[in-house]
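Read off the chains here:
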Amino acid sequence: MFVDLATIANVFIAGVLTGLVYGLMALGLSVIFGVARVVNFAHGELMALSMYAAVLLFDVLGVDPFLAVAPVALLFFLFGYVFQAAVIQPFVTRPDYVQFILLLAVAIILTNLLLIVFGPDARSVRLDYLLESIEFGWLLIDRGKLYAALVALGAAAALFAFFRLTLTGAAIRGCADNWLGAKVTGLNVQRLYALAFGLGTACVAVAGCMMIVLVDLTPGLGPAYTLLAFVIVIVGGLGSMNGALVGGVLIGVSEALAGLLVAPSAKSMFSFALLIIVLLIRPRGLLGERS
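Residues numbered from 1 in each chain as written. Predicted model: local features only at pLDDT ≥ 70, side-chain atom pairs only at ≥ 80, totals over all residues. Heavy atoms only, no water.

Novice: For this particular structure, what's the right way to read the nonpolar core?
Specialist: When a protein is soluble and globular, its nonpolar side chains tend to lie buried together. Counting residues in hydrophobic clusters, the biggest one holds 81 residues, and the most contacted among them are M25 and Y225. Among the elements that make up this core, the one with the highest residue count is helix α8 (residues 189-211) (15 residues). Of all hydrophobic cores here, the second largest spans 6 residues; its members include L17, L20, I134 and I141. (Core = buried A, V, L, I, M, F, W, Y, C linked by side-chain atoms within 4.5 Å. Buried < 20%, exposed > 50% of the residue type's maximum accessible area, 1.4 Å probe, protein only. Helix = DSSP H or I, 4+ residues; strand = E, 2+ residues; numbered from the N terminus.)

As structure tokens, this is what we get:
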């Protein structure tokens, strides 16, 4: 099958744009693990929940998903903060398998609640301007994907700025590097853990509001996004914020090119093939720190 260069370039760009949204989703998982050392197995379910929140705001109030980003992100930040402080914190010192069972149970509960409330039918957001493309010569850029990628980049930049330019961000980074030293210096480690979890949850909420303009939504979508987030952070380097964005773009491009050159059903196969190749070459991920 012959595919012209222009088509490959357009698909490549589409993969990069989608990958930036993937990267923001994985960035939330990376922040939670990097600071609180909690592996959030309900991450994809939170993504699906935020997508339903955006759909609900659109259906009931007519709020554009791009305008829904701020209120949904704030709501999920508060939810993540309270959830970590009230539910996860008592399990932080317990064995890893106990945390796994806890968050797996949360994921199952969320999936079934979404199924009960919204039913099994696919939901989506239909806006006229999302069907338009921006033309640059022989390049056609999907307007919805472009806007979603720009919002994802903006959210990621804001998060990076928070960690690097604010005292609270510096305290969270210090807690991530040495929680015992942070506790000795008088920092409220539990509060910083809750803040990190809230920020990670807000990231996935923003990504969810963007993803709803790109794909249809069903209650069973959560586990697939959880798995995808793990693939991305492992490729990029577990705990690395830069790695999450890089991994997201790589997975987005690999999925797009696989769908074009092989078959749409081969997307996951190529993502896992990329994961295996990266782990063979860089066992700690592309940007993961060496022990």
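Now that the structure is up, let's keep going.
Novice: Help me understand the packing of helix α2 (residues 43-61) against helix α4 (residues 96-118), please; the structure alone is not making it clear to me.
Specialist: For any two helices packed against each other, the geometry comes down to the angle between their axes and how far apart the axes lie. Across the interface, α2 lies against α4 with an axial gap of 9 Å and an inter-helix angle of 25°. By the angle between their axes, α2 is roughly parallel relative to α4. Relative to α4, the crossing made by α2 is left-handed. Here E45, L46, A48, L49, Y52 and L56 of α2 lie close against α4, whose contacting residues are A107, L110, T111, L114 and F118. Classifying every residue of the contact of α2 with α4 by side-chain character gives 9 nonpolar, 1 polar and 1 charged. (Axes fitted to C-alpha atoms, helices over the stretch in contact; angles between N-to-C directions. Parallel < 35°, antiparallel > 145°, perpendicular 65-115°, else oblique. Left-handed = near helix turned anticlockwise from the far one by under 90°. Contact = heavy atoms within 4.5 Å. Nonpolar A, V, L, I, M, F, W, Y, C, P; charged D, E, K, R; others polar.)

Novice: I keep staring at the pattern of salt bridges and nothing clicks. Help me out?
Specialist: Opposite charge on two side chains lets them pair, provided their charged atoms get close. The full count for this structure, using the stated rule, is 3 salt bridges. With its nearest N and O atoms 3.0 Å apart, the salt bridge here joins D59 to R123. Placement of D59 in helix α2 and of R123 in the loop between α4 and β1 (133-136) is noted, with a sequence separation of 64 residues between them. Where E132 meets R143, a salt bridge forms, and the shortest distance between an N and an O atom there is 3.1 Å. Of this pair, E132 sits in the loop between α4 and β1 while R143 sits in helix α5 (residues 143-165), placing them 11 residues apart in sequence. When its relative accessible area of 37% is taken as the criterion, E132 is described as partly exposed. Judged by its relative accessible area of 19%, R143 is buried. (Salt bridge = Lys/Arg side-chain N within 4 Å of Asp/Glu carboxyl O.)

Novice: Honestly, the layout of surface pockets in this entry has me stumped. Any pointers?
Specialist: Vacant regions in the atomic arrangement are exposed by a probe of water-molecule size rolled over the atoms. Empty space within the second largest pocket amounts to approximately 540 Å³. Along the wall of the second largest pocket there are 24 residues; nearest its centre are Y22, Y225, L228, E255 and K267. Those elements that provide at least two residues to the lining of the second largest pocket are α1 (5-36), α9 (221-236), α10 (241-261) and α11 (267-281). Grouping the constituent residues of the lining of the second largest pocket by class yields 14 nonpolar, 7 polar and 3 charged. (1 Å grid on protein atoms, 1.4 Å probe; cavity = no way out; pocket = protein on both sides within 12 Å on 5 of 7 lines; lining within 4 Å. Points joined across faces, edges and corners; volume = space filled by probe spheres on them.)

Novice: Help me understand the pairing of strand β2 (residues 139-142) in this model?
Specialist: A regular strand carries its side chains on alternate faces of the sheet. The two faces of β2 differ: L139 and I141 on one face are buried, but L140 and D142 on the other face are not. With 4 bridges connecting them, β1 and β2 associate as antiparallel partners. Within the sheet, the bridge partner assigned to S133 lies in β2 and is D142. With antiparallel pairing between neighbouring strands as the criterion, β1 and β2 make up a hairpin whose turn holds 2 residues, including G137 at a positive phi of roughly 65°. (Pairing = 2+ DSSP bridges.)

Novice: Any chance you could explain the packing of aromatic side chains here in plain terms?
Specialist: For any two aromatic rings, the description comes down to two numbers: the centre-to-centre distance and the angle of the planes. Taken as a whole, this structure holds 10 aromatic pairs when the rule is applied. Aromatic side chains F77 and Y81 sit 6.4 Å apart centroid to centroid with 45° between the ring planes, which places their arrangement in the tilted category. Linking F77 with Y81, this pair stays in helix α3 (residues 69-88), spanning 4 residues, or about one helical turn. Residue class for Y81 comes out partly exposed when judged on its relative accessible area of 27%. One aromatic cluster is present, built from ring pairs that chain together F41, F100 and F230. (Phe/Tyr/Trp six-rings, centres within 6.5 Å; stacked < 30°, edge-to-face > 60°.)

Any functional reading would require information that these geometric values do not contain.
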